[in-house]
Amino acid sequence: MEGDDGAGGGLEGGLEGAAVVVTGGGTGIGRACAARLARDGAAITICGRTEGTLRAAVQEIDAVARATGRGGSVRSVVADVTKEDDVARVIATAIEPTGGLTGCVANAGGGGPLAPFHLQDTEAFLAVLHKNVLGTFLCLKHAVPHLVAAGGGSFVGMSSIAGHVTHPYFGAYTVAKAGIEEMMRNAADEYGAAGVRANAVHPGFVATELMDAIPRDSEVFRSYVDNTPLGDVAAPGDVVELVRFLIGPESRWVTGQVINVDGGHSLRRGPDYGPFIEPVLGRDAMLARRAPDG
């Protein structure tokens, strides 16, 4: 399976005059989504917690937007999506170019330490819920009034196959992603009458900076590939094309859906991270039979 970083393929144009927020837009899937939407003419606002990362992303995305001549643009806001004032500021910045808001891609999120539930740190567990569920909720809360005022729009929540296929030892991440899915389904029902659509995207393993920590010759990586019918892992561009479709007018009759883009991985079972953590904790500790080794 081949993919790209979001710079080519798929629909062309059609987002001229649209304003879209992409959270976590400085790296990985978020950065690729922002570049893809800007290429098709959208005024993009990305946010993240690291100014240097955002600055580099803006330079790259701006070059993509200018090359097409469709009027796309990009701006950035240093923000933490778990802080309501920060999210409100991001949305306010996003409506400046056009006076309205067309879409929001709530991509910011992340996981925590790998461990069985009985060994999860409570504060770390809550932090993962905040990054994913609270962050998505705050974006929805502040974006929806502007989407309604614009006559409707699209909200995309970034879930994961971990939200519905077991991923042992992922702790709060699985719970958080499942929560995002139900949030999108309920939002679709609540705001459909106002023309606002809400959908969730389910990536599997995507070759981003975050996943580079998994050695390609490891048992864990093989467990991903062996459980993926297409026999490979995705590139960010494979996810981007689905996000582009959901943000654009082509998907006007699609709402309340949770859509897999995982090479078929969700047909089988989740990855096996046991080889990473069992040597550290010990098998009996993982099964709560005794305290961890050491």
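Scroll up for the structure.
Residues numbered from 1 in each chain as written. Predicted model: local features only at pLDDT ≥ 70, side-chain atom pairs only at ≥ 80, totals over all residues. Heavy atoms only, no water.

Asker: Describe unusual backbone geometry, naming the residues involved and giving the relevant values.
Answerer: Phi is positive for Y169, which is not a glycine, with a value near 80 degrees. With respect to the helices, strands and loops of the structure, Y169 is situated in the loop between β5 (153-158) and α5 (172-191). Phi is positive for A288, close to 65 degrees, though the residue is something other than glycine. With respect to the element layout, A288 can be found in the segment after α9 (283-286). (Helix = DSSP H or I, 4+ residues; strand = E, 2+ residues; numbered from the N terminus.)

Asker: Now, about the packing of aromatic side chains: what can you tell me, with residues and values included?
Answerer: In this structure the tally under the stated criterion is 6 aromatic pairs. Ring plane angle 75 degrees and centroid distance 4.7 Å describe the contact between F205 and Y224, whose orientation is recorded as edge-to-face. Residue F205 is found in the loop between β6 (196-203) and α6 (219-226), and its partner Y224 is found in helix α6; the two are separated by 19 residues along the sequence. Note on Y273 and F276: the rings are 5.8 Å apart at their centroids and 85 degrees apart in plane angle, and the pair reads as edge-to-face. For Y273, a relative accessible area of 6% gives the class buried. By relative accessible area, which is 33% here, F276 ends up partly exposed. Taken together, the ring pairs connect F170, Y173, F205, F221, Y224, Y273 and F276 into an aromatic cluster. (Phe/Tyr/Trp six-rings, centres within 6.5 Å; stacked < 30°, edge-to-face > 60°. Buried < 20%, exposed > 50% of the residue type's maximum accessible area, 1.4 Å probe, protein only.)

Asker: Before we move on, can you summarise the environment of E60 with the specific residues and values?
Answerer: Locating E60 in the fold gives a position in helix α2 (residues 51-68). When the C-alpha atoms of E60 and A35 are compared, they prove to be 7.8 Å apart, with 25 residues separating the residues in sequence.

Asker: Got a sec to walk through the pattern of salt bridges? Specific residues and values, please.
Answerer: Enumeration over the complete set of coordinates arrives at 16 salt bridges. One salt bridge connects E12 with R39, and the closest N-O pair in it is separated by 3.2 Å. Separated by 27 residues along the polypeptide, E12 in the segment before β1 (19-23) and R39 in helix α1 (residues 28-39) bring together distant segments of the chain. By relative accessible area, which is 5% here, R39 ends up buried. D40 is the salt-bridge partner of R244, the closest N and O atoms lying 2.6 Å from each other. One end of the pair, R244, is in helix α7 (residues 236-247); the other, D40, is in the loop between α1 and β2 (43-48), and 204 residues separate them in sequence. In terms of burial, R244 and D40 fall into one category: buried. Three or more residues are tied together by salt bridges with common partners; here these are E12, R36, R39, D40, R70, E241, R244 and E250. (Salt bridge = Lys/Arg side-chain N within 4 Å of Asp/Glu carboxyl O.)

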